[in-house]
Amino acid sequence: MARGSAAQPEDLPKRPQRRVVPFFYAVSKACFAGLDDPFGALDRAQINWVLWAPFALGLGIGFYFALPVDPSGPLLWGLGAAGIGALLLWLRGPGYTHLPAVFLLFVALGLLLANHQAHSVAAPVLSSRYYGPVEGRIIRIDRSSRDVLRLTLDQARLLGKPANATPVKLRIALHGPLPRNPLEPGQRVMTTAHLSPPNGPTEPGAWDFRRNAWFAQLGALGYTRSPVLLIAPPKSDDWGLAAHRWRMALSSAMQARIAGQAGAVSAALMTGDRSGITEATNDMMRASNLYHMVSISGLHMGMLAGFVFAAIRHGLALWGWGALRLPTKKIAAAVALVAATLYLWISGADIATQRSWIMIAIMLTAVLLDRRALSLQTVALAALVLLALWPDSLLGPGFQMSFAATTALILIAKPWPRLQNHIPQLLRPVALLVLTSAVAGLVTAPIAAAHFGRMAHYGILANLLAVPVMGLVVMPAGVLAACLAPFGLAGPALWAMGKGTDWVLWVADWVAGLGGAQTALVAPPGWVLPVLALSAGGLVLGRGILRLLSLGALVVATLGWSLTPRPMLLIAQEGALVGLMTPAGRVLSKASPSYTAERWLEADGDTAAPEQAAERAGFTGPKGQRQAIWQGRSLMHLSGKGALDALPMVCQNAALVVLAAPAPKGFQGDCTVLDTRSLARSGALAFDAQGRSHSVAQLAGQRLWTRPQK
């Protein structure tokens, strides 16, 4: 057809005949969009590589941690070559190859970065139990889940241990008397402590604390009942811990001015020191879905930066000459960035705070560069930076919940201007708070339930009552107190901050006390959370059939979570505890509370205390010789001093004996004996209803953090 001539009816493409229901037609068209021109679709998608890059980087990091063995040299070289080829294709190839090349490049880069981090943090791990003198420098003071003060030490010395076999860091819980002088970072102390290597998962597929300790270079954990003796005060030139000492000093000063748990929570909000918060307060905040307020996160960093930004910008606006001649918005962004950086330094700069600062810094830099401060690209860049610096952060609930909530809030920001037109103006702030709380709670609930086994039901109500006070009273008062403290005028601001924190704690206590405030959920299989994350990413970033596949994966993961049964029999590492599932719940062979018992019950979705679980019908017999019926035969758990003496007689009648001691060499009996030696090799064991066993060693594989230390 000649240029400029009118198109004839027969020359125009015929419209498809809609012989199906319009709804299904629309769905099929949306699902298979771009399949008639796949190269064109890929060419148009290349502009979104910034969004796909952190998704692909996280996928590569996930592949690294899912490997059963450490990647070999040839595999790493092959990944490097594939990454270089993908980079060249991205730079020189046609447009439709750009997005696949970016994806391949960042998947390879993620695996290589995770491997590099795992080797770069390699440090000695205690090879066996140790009891004796411990000397070291305090680098961290916090509180355990049992309300016990803990010290993290570096530059440690252990009697009889050479320097190359001494952990870089170790952590000790203080069960004994505290020194008269307050403990502070930088002090060199000494005590007598029980230490052991970091334990593996409490059951196959559970959270691997051993891996977490590896990346934190934490090579030993233990406790002491002896006094902690001060050897030397902090060195004046120890600038590495100067921020920590200043933080602890500020925390002590705030708690001296604000009484009770309000002072401890206020200190945590401003300094990151949570050592003064009791476990009862933590439980109350978790039950009300307000626990995010006691950990410095994007909420606090955003409130602080937002308050400083608004104060500077509105303050300059009152200066007529300057408001007309100066870039007040950029000046406010620069000052807010400085304030956020100081907040990062004072609060300890842990991973969660660094993640928050990176996001705030990118947003404020976008303001300085006249870009959109809040967009999916901004969040993607923050995730990219964080994963590149700390690949292991991908596995933590803080990273997962923070980016899930931020992404969801940005997605709802687009339709909000249209929605607010249907809401009375006075109710719009309340409606926005309800909407953001509901959306953030909805997307983070599965992550929180998977990691912590709890789901709070009144989180929207609690956040609706507490977040405005936090943003309008607590954080602004904290900033004012910091500004006025050098002049000795911080009293009124601290008073206001304390009253605001009292309100937040009252809300948490009231909501936690409501009937059905939280529900315990069964822990999902290990594959469920990654599939949920992949499906969520596909729904946000994908188009057409990819969204349909992501929706299907979401359904499969949900069904897998709800239908996968819990193990019928659990045996702890070293045979310290046995848990048998019964119609009334899991019954424990020991009544004493322990970390393992608490994690087992939490994974079962069981709210009973270990003492209550031990009282259930299932195990009988005296202490140290507990008996139950398993698979129609006798199961014995022997522990304590008389375990070895009772073994020969017990083995005649039992099919399976769990022995919390090493069995005599060459012991022969009619039963299967699981002693500390075999359980040290296998780790914790889980048996299903058919009697099939799975061990921690099988699922954890041969990785840097699972290898026995020499």
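Residues numbered from 1 in each chain as written. Predicted model: local features only at pLDDT ≥ 70, side-chain atom pairs only at ≥ 80, totals over all residues. Heavy atoms only, no water.

A. Quick peek at the state of the cysteines. In total, this model carries one disulfide according to the counting rule given. Here C651 connects covalently by a disulfide to C671, the sulfurs 1.9 Å from one another. Across the disulfide from C651 to C671, rotation about the S-S bond amounts to roughly -110°, and the bridge is consequently left-handed. Of this pair, C651 sits in helix α24 (residues 643-651) while C671 sits in the loop between β14 (656-659) and β15 (672-674), placing them 20 residues apart in sequence. Of the two residues, C651 and C671, neither departs from the other in class, the shared state being buried. (Disulfide = S-S within 2.5 Å. Helix = DSSP H or I, 4+ residues; strand = E, 2+ residues; numbered from the N terminus. Buried < 20%, exposed > 50% of the residue type's maximum accessible area, 1.4 Å probe, protein only.)

B. Structural detail: α24. Every buried residue of α24 is listed here: A643, A646, L647, V650 and C651. In a view along the axis of α24, the buried residues occupy a sector of 125°, so they form one face of it. In this structure, α24 carries D645 and M649 as exposed residues pointing more than 90 degrees from its buried face. (Arc of directions from axis to C-beta.)

C. Representation of the sheet that holds β14. The strand order across the open sheet formed by four strands is β12-β13-β14-β15, and the pairing between neighbours is mixed. Every interior strand has two partners, whereas the edge strands, β12 (625-630) and β15, have only one. Neighbour to neighbour, the strand axes of the sheet diverge by 20° on average, direction disregarded. The pairing of strand β13 (residues 633-638) with β14 spans four bridges and is parallel. Counted as the bridge partner of L638 is L659 from β14. (Pairing = 2+ DSSP bridges. Axes fitted to C-alpha atoms, helices over the stretch in contact; angles between N-to-C directions.)

D. Main features of a nonpolar patch on the surface. A cluster of nonpolar side chains, L461, W503, W506 and W510, forms an exposed patch at the surface whose accessible area comes to about 400 Å². It is helix α19 (residues 491-512) that provides the largest number of residues to the nonpolar patch, a total of three residues. Among the secondary structure elements, L461 is positioned in helix α18 (residues 459-484). (Patch = residues over 30% accessible without salt bridge, like charges linked within 9 Å, V, L, I, M, F, W, Y side chains within 5 Å. Areas by Shrake-Rupley, 256 points an atom, 1.4 Å probe, with all protein chains shown as cover. Salt bridge = Lys/Arg side-chain N within 4 Å of Asp/Glu carboxyl O.)

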